[in-house]
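Structure assessment
Listed below, chain by chain, are the residues.
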Amino acid sequence: MIPPVFPPAAPFRIDQVTQAPLLLVTLFVAEGLLAILIHWAAVRGRQRIWWGALAVLLALVAVFFTLASWGNSDTTRFSHYLEWDPDRAPPEPLWRLLGPLILLLPYRMAAVQGLVATCFAAAPALLARLWGVPAWAGWWALLITCSPMLRGFLQNAHTRQALATLLLLPLLLQTARLIRLPWRWLGLGVGLSALTHNTFVLNLPLSLSPLLLRLPELAARLRASFAGSDAGAPGARRGRLALWLLLGLACLLLFLLAAPMALDRFFDYAQDDYYNRYPVRSVVGRLQRALFFGLLLGCVQRRLTPLRLLRCPITLLLLLFGLLYIAVQQSIDHLWLPQITSRLADTVAFFLLILYLAWLQRYRATWCVLPALYITFQYWLEGRLLPSGTLLCGRNDEFLCIPDRWPWQVRY
């Protein structure tokens, strides 16, 4: 039975929170200094320092987002429900399975949010090393974790959807031919994503969208494999084709299993009046202009013509996700099912930012990320961290309101 002191509706956090702008600014500045150290270590070829600085940076990201997410509604209510009312805890199978483990974590769901944010920082950092630009690992990590385009995922504690999207990132990169991973790991990511959040039925098509650019090639391979006309190793070709078909059938099965729950949630959201306007805030528009300016700088540096850009798959993918994000913004402005589209904005934005970094690396224009970094850091410091001393912690559910006691002193 739920204790009567627990609030029946948001704001769920009514106590055990406090302001700490100095602590949070100090943590953020430390992250920036570590990004500088990572850059220096890569330029100097100091591998141990690079790995050590990256490990410390990721640890600080985990601490920062664990503390800063403590006052959010979803963090609070799910931390409470996991113990006192499991039927109202996150319904997806993965969270049911992890429930007993989450109860053992310090600050419970806030710690889970901190770990998810750490993975969002680790993904671009490791991609920077894989793509041969390790000096930018720290900056890319901060660009993602501090981005105003990902406010729902990382600052509003949409933990389950954020993790479901992150698990599909390898599939996006594989289908876009930006990385190569064993198919068993891709299958594991797809399966876990299906068990993590019901937006899987929309996230999966987004992660497979690079295949749209390869339809003629895939059709030709399919015809050649069935005709047995591949020279050299027809058995291997047919084996890969069978693997593709098996993966496709597995994705279809997961899609069909998740679809009923997602459809129920769709109608629930459609009847709800709530939607967030984070994607149409002015800072997001400034960041979009900064991203576009960075692309222009890269085009000028590499002397890229429009015809060459239109022949580049990464450019076309970047254009696709850019248009999708603009469509989400328009739907919110014009009230075209904003209850649904506003919840997809962060997924589209995350894939967009990763593809943006891939584009800069492809054309050896990594420094062109600086305009976007400037807007992001300015927003983070001036718009979020420094004003956090004026937050009404305890009267509302707010990001950057940290716990006022140690984990073992918390009452859930």
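Refer to the structure above for everything that follows.
Now for a look at the structure at hand. (Residues numbered from 1 in each chain as written. Predicted model: local features only at pLDDT ≥ 70, side-chain atom pairs only at ≥ 80, totals over all residues. Heavy atoms only, no water.)

A few words now on the pattern of salt bridges. Applying the stated criterion to the full structure yields six salt bridges. The salt bridge partner of Asp333 is Arg277, with a shortest N-O separation of 3.4 Å. Residue Asp333 is located in helix H16 (residues 313-333), and its partner Arg277 is located in the loop between helix H13 (234-271) and helix H14 (282-302); the two are separated by 56 residues in the primary sequence. The exposure class assigned to Arg277 is partly exposed, which follows from its relative accessible area of 40%. (Salt bridge = Lys/Arg side-chain N within 4 Å of Asp/Glu carboxyl O. Helix = DSSP H or I, 4+ residues; strand = E, 2+ residues; numbered from the N terminus. Buried < 20%, exposed > 50% of the residue type's maximum accessible area, 1.4 Å probe, protein only.)

Moving on, we come to the state of the cysteines. All chains considered together, the criterion is met by one disulfide. Across the disulfide from Cys393 sits Cys401; the S-S distance is 2.0 Å. Disulfide Cys393 to Cys401: torsion about the S-S bond roughly -80 degrees, handedness left-handed. Considered together, Cys393 and Cys401 belong to a single accessibility category, that of buried residues. No disulfide involves Cys368; its sulfur sits 8.9 Å from the nearest other cysteine sulfur, which is in Cys299. Among the residues examined, Cys368 registers a relative accessible area of 0% and is labelled buried. (Disulfide = S-S within 2.5 Å.)

Grouped together as the largest cluster of nonpolar side chains are 119 residues, with contacts concentrated most on Phe64, Phe120, Met149, Leu169, Phe350, Trp359 and Trp380. Top element by residues in this core is helix H18 (residues 345-362). It accounts for 14 residues. (Core = buried A, V, L, I, M, F, W, Y, C linked by side-chain atoms within 4.5 Å.)

Now for helix H10 (residues 183-194). When the terminal C-alpha atoms of H10 are compared, their 17 Å separation across 12 residues agrees well with the 16 Å that a helix rising 1.5 Å per residue should span. Taken as a whole, H10 has its buried residues at Leu186, Gly189, Val190, Gly191, Ser193 and Ala194. (Expected span 1.5 Å × (residues − 1).)

With that out of the way, let us pick up helix H19 (residues 370-385). Count 3.6 residues to each turn of an α-helix, and residues three or four apart come out pointing the same way. Taken residue by residue, H19 has Pro371, Ala372, Leu373, Ile375, Thr376, Phe377, Tyr379, Trp380, Arg384 and Leu385 as its buried positions. Next to the buried residues of H19 lie helix H1 (21-44), helix H2 (47-68), helix H6 (137-145), helix H7 (151-154) and H14. (Contact = heavy atoms within 4.5 Å.)

This brings us to the environment of Leu400. Mapped onto the fold, Leu400 is located in the loop between H19 and strand S2 (402-403). Note on Leu400: relative accessible area 1%, which makes it buried. Along the chain, Leu400 and Ala20 lie 380 residues apart, while their C-alpha atoms are 7.9 Å from each other.

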